[in-house]
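Commentary on secondary and tertiary structure
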Amino acid sequence: MTQTSENVTWLTQEAYNQLKAELEYLSGPARSEIVTKIAAAREEGDLRENGGYHAAKEEQGKQELRVRQLTQLLEHAKVGEAPAASGEAAPGMVVTIAFDGDEDDTMTFLLASREYASSDFETYSPQSPLGTGVIGKKVGENADYELPNGKTATVKILKAEPFKD
């Protein structure tokens, strides 16, 4: 199966290792801990009015959601090299845009999952309104995206370069 660039999450080796370790912890020791909490709360009696039981079950649900998120993310992760310098906005690229074509009003950001943001750049997800607007656009092209208030904004792609750690 071929993945499109929109499905790929670019990760450094360090970020991948951290996420993998978190997934292993949540799938192993953390699961055992929550099962123990639920069992202890269940022994307290009436489950309808047992706050500890309900809190533990809610914690379990959040934990299982995180396990599913991490599993999906790691399945689609690309570790290592960023995309080639194609001059096209894509995940893993540092993009510079000009608002309304005004080259004095610019912004540079990393197009990647926010969870793996760089401290050097503001990060926009490829699924965000701005991300979906610029993805696939080449340097010199205009991109439209929808603002939270429902209006449309136009930006011009000034640069699109691979992210380097």
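Report follows, based on the coordinates. (Residues numbered from 1 in each chain as written. Predicted model: local features only at pLDDT ≥ 70, side-chain atom pairs only at ≥ 80, totals over all residues. Heavy atoms only, no water.)

Secondary structure summary: the protein chain contains 4 helices and 7 strands in total. When the elements of the protein chain are put in sequence order from the N terminus, they spell out β-α-α-α-β-β-β-β-α-β-β. Carbon and sulfur atoms make up 48% of the accessible area of the protein chain, which amounts to about 10,100 Å² in all. (Helix = DSSP H or I, 4+ residues; strand = E, 2+ residues; numbered from the N terminus. Areas by Shrake-Rupley, 256 points an atom, 1.4 Å probe, with all protein chains shown as cover.)

On to the pairing of strand E7 (residues 152-162), then. Direction of pairing for strand E3 (residues 93-99) relative to E7: antiparallel, over a ladder of 7 bridges. Paired with Met93 across the bridge in E7 is Pro162. Across 5 bridges, the pairing between strand E6 (residues 142-146) and E7 is antiparallel. Bridged to Glu146 within E7 is Thr152. Linkage of E6 to E7, two consecutive antiparallel strands, is achieved through a turn of 5 residues, within which Gly150 is found at a positive phi near 95°. (Pairing = 2+ DSSP bridges.)

Looking now at the side chain of Asn50. Inspection of the secondary structure assignment puts Asn50 in the loop between helix H2 (29-42) and helix H3 (51-75). Relative accessible area serves as the criterion here: at 5%, Asn50 is assigned to the buried category. There is a polar contact of 3.0 Å between the side chain of Asn50 and the backbone nitrogen of Tyr53. Every residue in contact with Asn50, bar those within four places of it in the chain, is listed here: Ala41, Arg42, Glu44 and Gly45. (Buried < 20%, exposed > 50% of the residue type's maximum accessible area, 1.4 Å probe, protein only. Polar contact = N/O pair within 3.5 Å; in protein donor to acceptor, adjacent residues only side chain to side chain. Contact = heavy atoms within 4.5 Å.)

Time to look at the sheet that holds E7. Here 5 strands make up an open sheet; going across it, the order is E5-E4-E3-E7-E6 and the pairing mixed. At either margin of the open sheet sits one strand with a lone partner, and together these are strand E5 (122-124) and E6. Across the sheet, the mean angle separating the axes of adjacent strands is 45° when strand polarity is ignored. Relative to strand E4 (residues 106-111), E3 runs antiparallel, the two being bridged by 6 bridges. Note on E4: the bridge partner recorded for Val95 is Phe109. (Axes fitted to C-alpha atoms, helices over the stretch in contact; angles between N-to-C directions.)

Here the focus is the packing of helix H1 (residues 13-27) against H2. Helix packing for two helices is described by the angle between their axes and how far apart those axes are. For the pair H1 and H2, the least separation of the axes is 3 Å and the interaxial angle reads 30°. Taken together, the axes of H1 and H2 lie roughly parallel to each other. Contact residues: H1 offers Glu24, Tyr25, Leu26 and Ser27, while H2 offers Pro29, Ala30, Arg31 and Glu33. Within the contact of H1 with H2, the residues separate by chemical class into 4 nonpolar, 1 polar and 3 charged. (Parallel < 35°, antiparallel > 145°, perpendicular 65-115°, else oblique. Nonpolar A, V, L, I, M, F, W, Y, C, P; charged D, E, K, R; others polar.)

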